[in-house]
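# Structure at a glance
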Amino acid sequence: MNGIIMRIRMRICLRALEDIWYDNNDTVAGEAALGFSDTKAKLKVLKSLEAAGCVALSCHDNSNRPYAIRPGGKSSLYALERSELWLNRIISFIAGILTTVAADYIIWLLQSMPSK
């Protein structure tokens, strides 16, 4: 369950960053960048996004909090991959239910046919 919550937080953070990057020429710096890391949970999300290649963090001398956040190489692909994964899961779930119902109906139909 923690993985799902983390993915949701990562997506929310990435959306917010993408909006700011669009307005500020692909850089979040200063107080805005510190606002994205003012709690341990937010910092953990940023570090996870950095590990996934979605953001590039610039930190001061061995500081843990970034002073600049830039887009990474995979920031645009992350949302696409995650939405495609969930779409595949939903389609597979529905297909599994339909297959079960259809199989029961076919078995019932074959059993109700008169035998010669």
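Let me begin by describing the structure that accompanies this report.

In this section: the overall build of the chain. Helix and strand counts for the chain come out as 4 helices and 3 strands. For the chain, the sequential pattern of α-helices and β-strands runs α-β-α-α-β-β-α. Against the 2.2 N^0.38 benchmark of 13 Å for 116 residues, the chain shows a C-alpha radius of gyration of 23 Å, more extended than a compact globule. The principal-axis extents of the C-alpha atoms in the chain amount to approximately 85 × 25 × 15 Å. Here the chain holds 116 residues, and the buried ones make up 22% of them. Within the chain, residue pairs in contact and separated by at least 24 positions form 48% of the contacts whose partners lie at least 6 positions apart. Summing over all exposed atoms, the chain offers an accessible surface of approximately 8,500 Å²; the carbon and sulfur share of this is 60%. Charge separation in the chain, taken as the distance between the mean sites of 14 positive and 11 negative side-chain charges, equals 8 Å.

Moving on, we get to the sheet that holds strand β3 (residues 66-71). Across the sheet, which stays open at both edges, the 3 strands sit in the order β1-β3-β2 with antiparallel pairing between neighbours. Here the strands that pair on one side only, and so sit at the sheet edges, are β1 (28-29) and β2 (55-59). By the bridge criterion, 5 bridges tie β2 to β3 in an arrangement that is antiparallel. When the bridges of β3 are listed, Leu57 appears paired with Ile69. Along the sheet face, helix α1 (residues 2-23) touches β1, β2 and β3 and points at about 85° away from the line of β3. Helix-sheet contacts for helix α3 (residues 40-51) involve β2 and β3, and the interaxial angle to β2 is about 120°.

A contiguous nonpolar patch, built from Ile90, Phe93, Ile94, Ile97, Leu98 and Val101 and spanning about 600 Å² of accessible area, is present on the exposed surface. Within the fold, Ile90 resides in helix α4 (residues 75-112). Relative accessible area serves as the criterion here: at 47%, Ile90 is assigned to the partly exposed category.

Parameters and conventions
Residues numbered from 1 in each chain as written. Predicted model: local features only at pLDDT ≥ 70, side-chain atom pairs only at ≥ 80, totals over all residues. Heavy atoms only, no water. Helix = DSSP H or I, 4+ residues; strand = E, 2+ residues; numbered from the N terminus. Rg over C-alpha atoms; globule rule 2.2 N^0.38 Å. Buried < 20%, exposed > 50% of the residue type's maximum accessible area, 1.4 Å probe, protein only. Contact = heavy atoms within 4.5 Å. Areas by Shrake-Rupley, 256 points an atom, 1.4 Å probe, with all protein chains shown as cover. Lys, Arg positive; Asp, Glu negative; His and termini not counted. Charge placed at Lys NZ, Arg CZ, Asp CG, Glu CD. Pairing = 2+ DSSP bridges. Axes fitted to C-alpha atoms, helices over the stretch in contact; angles between N-to-C directions. Patch = residues over 30% accessible without salt bridge, like charges linked within 9 Å, V, L, I, M, F, W, Y side chains within 5 Å. Salt bridge = Lys/Arg side-chain N within 4 Å of Asp/Glu carboxyl O.

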